[in-house]
Amino acid sequence: MTPFRKGMMRQHGGELSILHRILDITSILVALWLCTSLYGVALGTYYKLAGLVAVVAFLFFAEWHALYESWRSDSVRNEAWKILSVWLLTCCALLAVMFISKSSTNFSRVAVTAWMLSTPLVLTLERVLLRYTLRHFRKLGLNSRAVAIVGAGSGASQLVETISRSPWMGLRIEGIYDNKDLSHRLGLEYQDVEKLLQRVREQFIDSVYISYPMLQEDKIRQLVEQLADSTASVHVVPDVFVSDLLHARWSSLEGIPLVSIFESPFYGANFFLKRLEDLVLGSLILLLISPVMVAIAVAVKITSNGPAIFRQKRYGLNGEVIEVWKFRSMKVLEDGAVVPQARKNDPRVTKLGTFLRKSSLDELPQFINVLRGQMSIVGPRPHAVAHNEEYRKLIHGYMLRHKVKPGITGWAQVNGWRGETDTMEKMEMRVKYDLDYINNWSIWFDLKIIVLTIFRGMGGRNAY
């Protein structure tokens, strides 16, 4: 007998995905209509075409950012950041179309600016309302999915803990199978694989999470083959070895499944997105800070002897040597086999240089490196070649920082790990945050780091 199932969208999220797209399109167009109406602007042909371009661009970039995938286990903050990053790319595309078509004079700047600023707020509010409406129903047992956890791998306990503390995900643990320790710990009767298969055939279970250690490959394969004769969704939970690998992700080579261990996140479409982000934001920022850069360059020349710009060789993408530009903050121009790091009260640092280094204003010329394609706005900070050669021998995985372009600011810097690394622990923490950035890169993560850099800065306790 097939059990009664609550909820119209239990098995598939297709209907919900379509609903999301319809709501997003409606939100974008409604926001445009409200902004034009508020400022007394007629919603003419140009505005309608702008709305159409925005909708198409938003849906296009949203697919790249997986905005319409299931977010049962994702946070509101992560979704909001995704929406913001997708909308920023949409605005860039919209402005580019206006510039190329020379139609910008046909728009009210106030109305368009209001539209661009208000739309991500409307989109986020729409998503939050829908999310919490569905969560409310899921807590009541509606729109839920019955899941089974089988195997005594390292991920089984974590799955139980995560699902138990997150009822809003709508996942209900139907049973624990072939795991005596976990079953006894939870006060449940031990159930074997045969019982699992019976429950699956009776359609009491929607999803099965297989959590055997990798050494039990034959057992995993046998269970997967047995579950193929059912309609249940099957997920294999990798053990600690796989999940702890740097930037481990599933991929394929002409249909052959692979686990990529050491891999850059910037491939295919992601490479294009990252470069577009650097070109658009880099150009805008460089335009805004150009008066400041001119003033700093003049101040450096007046207060000390030597060039205003200091160029130092550092490792870039894939370990290739690049010349990084900085405002000169020292009395010396060191770029040899040995480059001592700046220390507190370092006599090499000029008076103006102390301020520039503490405020990170000495890094501003690196936006030129960004436009030249040698650096990114966000990424691991580049170290002097001498420091790279020293630490690559001491810290495991150090050179993996160079799987991406170095950045002007980074995840390590906004978390305070900048400046002098007089202990191995400080450099290890910097590398840890850099690799964490590589593992979890997304456009929204870049935008988050940029915002944190603006409001929190990246001075750090050790910046001298």
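Residues numbered from 1 in each chain as written. Predicted model: local features only at pLDDT ≥ 70, side-chain atom pairs only at ≥ 80, totals over all residues. Heavy atoms only, no water.

## Here's the deal with the overall build of the protein chain
Scanning the protein chain from terminus to terminus reveals 16 helices and ten strands. Residue burial in the protein chain is summarised as follows: out of 464 residues, 47% are buried. Long-range contacts, defined as pairs at least 24 residues apart, comprise 72% of the intrachain contacts of the protein chain with a sequence gap of at least 6. Entry remark: accessible area of the protein chain is about 24,400 Å², with carbon and sulfur atoms responsible for 62%. (Helix = DSSP H or I, 4+ residues; strand = E, 2+ residues; numbered from the N terminus. Buried < 20%, exposed > 50% of the residue type's maximum accessible area, 1.4 Å probe, protein only. Contact = heavy atoms within 4.5 Å. Areas by Shrake-Rupley, 256 points an atom, 1.4 Å probe, with all protein chains shown as cover.)

## Describing empty space enclosed by the protein
One simple way to see leftover space: roll a probe sized like a water molecule over the atoms. Enumeration over the complete set of coordinates arrives at two cavities of 30 Å³ or more. Considering only enclosed or pocket space, the second largest cavity measures out at about 30 Å³ in volume. Considering the residues around the second largest cavity, the lining is formed by Pro380, Arg381, Pro382, Arg401, His402, Val404, Lys405 and Pro406. (1 Å grid on protein atoms, 1.4 Å probe; cavity = no way out; pocket = protein on both sides within 12 Å on 5 of 7 lines; lining within 4 Å. Points joined across faces, edges and corners; volume = space filled by probe spheres on them.)

## Some thoughts on the pattern of salt bridges
Tallying each qualifying case throughout the model produces ten salt bridges. A salt bridge links Arg221 to Asp218, with the nearest nitrogen and oxygen atoms 3.1 Å apart. Taken as a pair, Arg221 and Asp218 lie in helix α8 (residues 217-227) at a separation of three residues, close to a single helical turn. When its relative accessible area of 39% is taken as the criterion, Arg221 is described as partly exposed. A salt bridge links Asp362 to Lys326; the shortest N-O distance between them is 3.4 Å. You can see Asp362 sitting in the loop between α11 (351-359) and α12 (366-371) and its partner Lys326 sitting in strand β8 (residues 321-327), a full 36 residues away along the chain. Residue classification places Asp362 among the buried positions, given a relative accessible area of 1%. The network of salt bridges with common partners includes Asp24, Glu126 and Arg127. (Salt bridge = Lys/Arg side-chain N within 4 Å of Asp/Glu carboxyl O.)

## Things to note about the packing of aromatic side chains
Enumeration according to the criterion identifies eleven aromatic pairs in this entry. Ring centres 5.7 Å apart and planes at 45° place the aromatic pair Tyr437 and Phe445 in the tilted group. Note on accessibility: Tyr437 and Phe445 belong to one class, buried. Lying across the ring of Tyr190, Lys180 places its NZ or CZ 5.4 Å from the centre. (Phe/Tyr/Trp six-rings, centres within 6.5 Å; stacked < 30°, edge-to-face > 60°. Lys NZ or Arg CZ within 6 Å of the ring centre and 35° of its normal.)

## A short note on the side chain of Glu174
Structurally, Glu174 is set in strand β2 (residues 171-177). A distance of 2.7 Å separates the side chain of Glu174 from the side chain of Tyr177, its partner in a polar contact. Sequence-distant contacts of Glu174, defined by excluding residues within four places in its chain, comprise Ala146, Val147, Arg199, Phe204 and Ile205. (Polar contact = N/O pair within 3.5 Å; in protein donor to acceptor, adjacent residues only side chain to side chain.)

## Regarding unusual backbone geometry
At Lys102, a residue that is not glycine, the phi angle is positive and equals roughly 55°. Its place among the elements puts Lys102 in the loop between α3 (76-101) and α4 (109-139). A relative accessible area of 72% means that Lys102 is categorised as exposed. One non-glycine residue with positive phi stands out, namely Gln203, at about 65°. Taking relative accessible area as the criterion, Gln203 reaches 32% and is therefore assigned partly exposed.

## Brief notes about the pairing of β8
If a strand is regular, its side chains alternate between the two faces of the sheet. Of all the seven residues making up β8, five are buried; the element is thus mostly covered by neighbouring parts of the structure. Relative to β8, strand β7 (residues 309-315) runs antiparallel, the two sharing seven bridges. Bridge pairing in β8 links Arg311 to Trp325. Between β7 and β8, which pair antiparallel one after the other, the connecting turn spans five residues, and Asn318 there sits at a positive phi close to 60°. (Pairing = 2+ DSSP bridges.)

## Some points on the environment of Glu425
Secondary-structure assignment places Glu425 in helix α15 (residues 424-439). Sequence spacing of Glu425 and Ile395 is 30 residues, and the spatial spacing of their C-alpha atoms is 9.9 Å.

## Structural notes on the confidence of the model for the protein chain
With 81% of its residues at a pLDDT of 70 or more, the protein chain shows a mean pLDDT of 80. Mean pLDDT across the secondary structure elements of the protein chain bottoms out at helix α9 (residues 240-243), with 52, and peaks at strand β9 (residues 376-378), with 95. In this model, residues 1-14 is a region of pLDDT below 50 whose contacts with residues beyond four sequence positions or in other chains number 29 contacts. (pLDDT = per-residue confidence, 0-100.)

## Some words on the packing of helix α2 (residues 45-64) against α3
Taken N-terminus to C-terminus, the directions of α2 and α3 make an angle of 135°; their axes are 9 Å apart at the nearest point. In terms of orientation, α2 lies oblique with respect to α3. Of the two elements, α2 crosses α3, and the hand of that crossing is right-handed. Contacts between α2 and α3 involve Ala50, Val53, Ala54, Ala57, Phe58, Phe61 and Ala62 from the former and Ile83, Val86, Trp87, Leu89, Thr90, Ala93, Leu94 and Val97 from the latter. (Axes fitted to C-alpha atoms, helices over the stretch in contact; angles between N-to-C directions. Parallel < 35°, antiparallel > 145°, perpendicular 65-115°, else oblique. Left-handed = near helix turned anticlockwise from the far one by under 90°.)

## Describing a nonpolar patch on the surface
The grouping of Val30, Trp33, Leu34 and Leu43 at the surface amounts to a nonpolar patch, some 360 Å² of accessible area in total. Mapped onto the secondary structure, Val30 falls in helix α1 (residues 14-38). (Patch = residues over 30% accessible without salt bridge, like charges linked within 9 Å, V, L, I, M, F, W, Y side chains within 5 Å.)

## Brief notes about the environment of Ala62
Structurally, Ala62 can be placed in helix α2. Of the residues examined, Ala62 reaches a relative accessible area of 0% and is grouped as buried. Ala62 sits 25 residues away from Trp87 along the chain, and the two C-alpha atoms are 8.7 Å apart. Once residues within four sequence positions are removed from consideration, Ala62 is found in contact with Leu67, Tyr68 and Val86.

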